[in-house]
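This is what each chain is made of:
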Amino acid sequence: MRILNIALPSSVENGLFQLSKVALSSIVALFGTVEIAANEVAQSFWSMASLFCIAFGYAFVTVIGQCMGAGDVEAADYYNKKLLRITYFGSALWNILIFALTPLVLMLYSLSGEAKQLVILLVLIHAVGNTILCPLAFSLSNGLRAAGDILYTMLASIFATVICRVALSVLFGLWLHLGVTGIAYAMVGDWLIKAILIVVRYRSRKWTQFEVI
């Protein structure tokens, strides 16, 4: 049961995230052909650009889990900050590289000039948001999760991604007529909200009071 208490919230979070992606796909399907094509191509670049934060998220889980398992809260705090600095530095370099390569890679795609320009804009929005917000929203979140703060990180993700991201996508994409650019802004808004929630929780020090095993 103690292991399931860790695994089940993560499963619920991932399941609801997939449902939100279905809702977002339905919104994108309402746009024109150029925007739909640009969004699909941009998502491939987004996946590549996110790799550094995802990889270091697992580093947070391993290192912070070891520290908290040993009952060394000071070490966990130290490595949370150190890994966060490394993540910011590496994520910045990685996103700059991906963005720099985007125009070259787009030469391999049979897209119109308008669609290619839109892809570049979407990749730029993602690169800026990913560099500034994702180390906090995802990597540091994994540090809290490794410390045993499972329920809070799950609720923060559900609120930011499932509720706020879908609502912001409707607001920016449909009501303000920004199309897929609005969807990208909604994604960054999701990260901003989650980053704020994670930083507030981290500074509260409540994550130090958990005992996983």
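Up top you'll find the structure we're talking about.
Before going into details, it helps to say that this report is about the structure given with it.

How each quantity is defined
Residues numbered from 1 in each chain as written. Predicted model: local features only at pLDDT ≥ 70, side-chain atom pairs only at ≥ 80, totals over all residues. Heavy atoms only, no water. Helix = DSSP H or I, 4+ residues; strand = E, 2+ residues; numbered from the N terminus. Rg over C-alpha atoms; globule rule 2.2 N^0.38 Å. Buried < 20%, exposed > 50% of the residue type's maximum accessible area, 1.4 Å probe, protein only. Contact = heavy atoms within 4.5 Å. Areas by Shrake-Rupley, 256 points an atom, 1.4 Å probe, with all protein chains shown as cover. Core = buried A, V, L, I, M, F, W, Y, C linked by side-chain atoms within 4.5 Å.

Comments concerning the overall build of the chain
Check the secondary structure of the chain and you find 7 helices and 0 strands. When the helices and strands of the chain are placed in sequence order, the string is α-α-α-α-α-α-α. For 213 residues, the compact-globule estimate of 2.2 N^0.38 gives 17 Å, and the C-alpha radius of gyration of the chain, at 18 Å, lies within 12% of that figure. Once the C-alpha set of the chain is aligned to its principal axes, its extents read approximately 55 × 30 × 25 Å. Each of the 213 residues in the chain was classed as buried or not, and the buried ones make up 44%. At a minimum sequence separation of 6, the contacts of the chain that also span at least 24 residues come to 82%. Total accessible area on the chain stands at roughly 10900 Å², and carbon and sulfur atoms take up 70% of it.

Some remarks on the environment of Pro103
By secondary structure assignment, the location of Pro103 is in helix α4 (residues 73–106). Under the relative-accessibility criterion, Pro103 is labelled partly exposed at 38%. Counting along the chain gives 14 residues from Pro103 to Gln117, while the straight-line C-alpha distance between them is 8.9 Å.

Brief notes about the nonpolar core
It is characteristic of soluble globular proteins that their nonpolar side chains tend to be buried jointly. The biggest cluster of nonpolar side chains holds 43 residues, and the ones touching the most others in it are Val119, Leu122, Leu140 and Trp207. Those elements that place two or more of their residues in this core are α1 (2–28), α2 (33–49), α3 (51–69), α4, α5 (113–146) and α7 (180–204). No other element matches α5, which puts 12 residues into this core.

Focus: unusual backbone geometry
Trans is the common state for peptide bonds, and a negative phi is the common state for residues other than glycine. Positive phi is not limited to glycine here, since His177 has a value of about 60°. Structurally, His177 can be placed in the loop between α6 (150–175) and α7. His177 sits in the exposed class, given a relative accessible area of 68%.

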